[in-house]
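# Structural characterization, general
The residues making up each chain are set out below.
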Amino acid sequence: MAHKSNREQNNVTAHKPDRERVKVGAEIEKESASTRALDKINFLLMAASAVVIVIGFLLMLGSGNDGSEFNPDIFSTRRIIVGPTIAFLGFIAMGVAIMWPSRRKTETEDVK
């Protein structure tokens, strides 16, 4: 059996999992705010956008055509113009909410 050098022994021990982190029932460490991709404001804006999308879909709801007689309400302005427009604006707002810049300093600002 060949003798392992100190470097090889360090490499082997460096890859072993930390037993304190692996314990069952151990508390999970919270992620710091600087490592998260999105801030609280992003999630609030996304929630507001989701509400706008739901309102747009609710505006499109209504009674359908039962087949026995023509129902002109299926062509109402609320159902074919207002509802889809509100839902579309909600989807646009969702994209803006995801891309909204954070107020924390970035690494490039720290260097200056």
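Provided above is the structure to which this section pertains.
Below is a summary of the structure that appears in this document. (Residues numbered from 1 in each chain as written. Predicted model: local features only at pLDDT ≥ 70, side-chain atom pairs only at ≥ 80, totals over all residues. Heavy atoms only, no water.)

## Let's talk about the packing of helix α3 (residues 40–60) against helix α4 (residues 77–99)
Orientation of α3 relative to α4, taken along the N-to-C sense of each, is 165 degrees, at an axis distance of 7 Å. When the interaxial angle is binned, α3 and α4 end up roughly antiparallel. In this structure, α3 crosses over α4, and the sense of that crossing is left-handed. Counted by class, the contact of α3 with α4 contains 19 nonpolar, five polar and two charged residues. (Axes fitted to C-alpha atoms, helices over the stretch in contact; angles between N-to-C directions. Helix = DSSP H or I, 4+ residues; strand = E, 2+ residues; numbered from the N terminus. Parallel < 35°, antiparallel > 145°, perpendicular 65-115°, else oblique. Left-handed = near helix turned anticlockwise from the far one by under 90°. Nonpolar A, V, L, I, M, F, W, Y, C, P; charged D, E, K, R; others polar.)

## Let's talk about the environment of Ser102
Note that Ser102 resides in the loop between α4 and α5 (107–111). Using a relative accessible area of 29% as the deciding quantity, one classes Ser102 as partly exposed. Put simply, Ser102 and Asn42 are 60 residues apart on the chain and 8.2 Å apart in space, counted from C-alpha to C-alpha. (Buried < 20%, exposed > 50% of the residue type's maximum accessible area, 1.4 Å probe, protein only.)

## A few points about the side chain of Arg79
Inspection of the secondary structure assignment puts Arg79 in helix α4. In terms of polar contacts, Arg79 uses its side chain to reach the backbone carbonyl oxygen of Met60, at 3.3 Å. Non-local contacts of Arg79, meaning those with residues more than four positions away in its chain, are made with Leu59, Met60, Leu61, Gly62, Ser63, Asp73, Ile74 and Pro84. (Polar contact = N/O pair within 3.5 Å; in protein donor to acceptor, adjacent residues only side chain to side chain. Contact = heavy atoms within 4.5 Å.)

## Let's talk about the side chain of Asn42
Examined against the element boundaries, Asn42 turns out to sit in helix α3. Classification of Asn42 by relative accessible area gives buried; the value is 2%. Polar contacts involving the side chain of Asn42 include one to the main-chain amide nitrogen of Asp39, which spans 2.9 Å. Not counting chain neighbours up to four residues away, the residues in contact with Asn42 comprise Ala97, Ile98 and Trp100.

No statement about biological role is implied by the geometric values presented.
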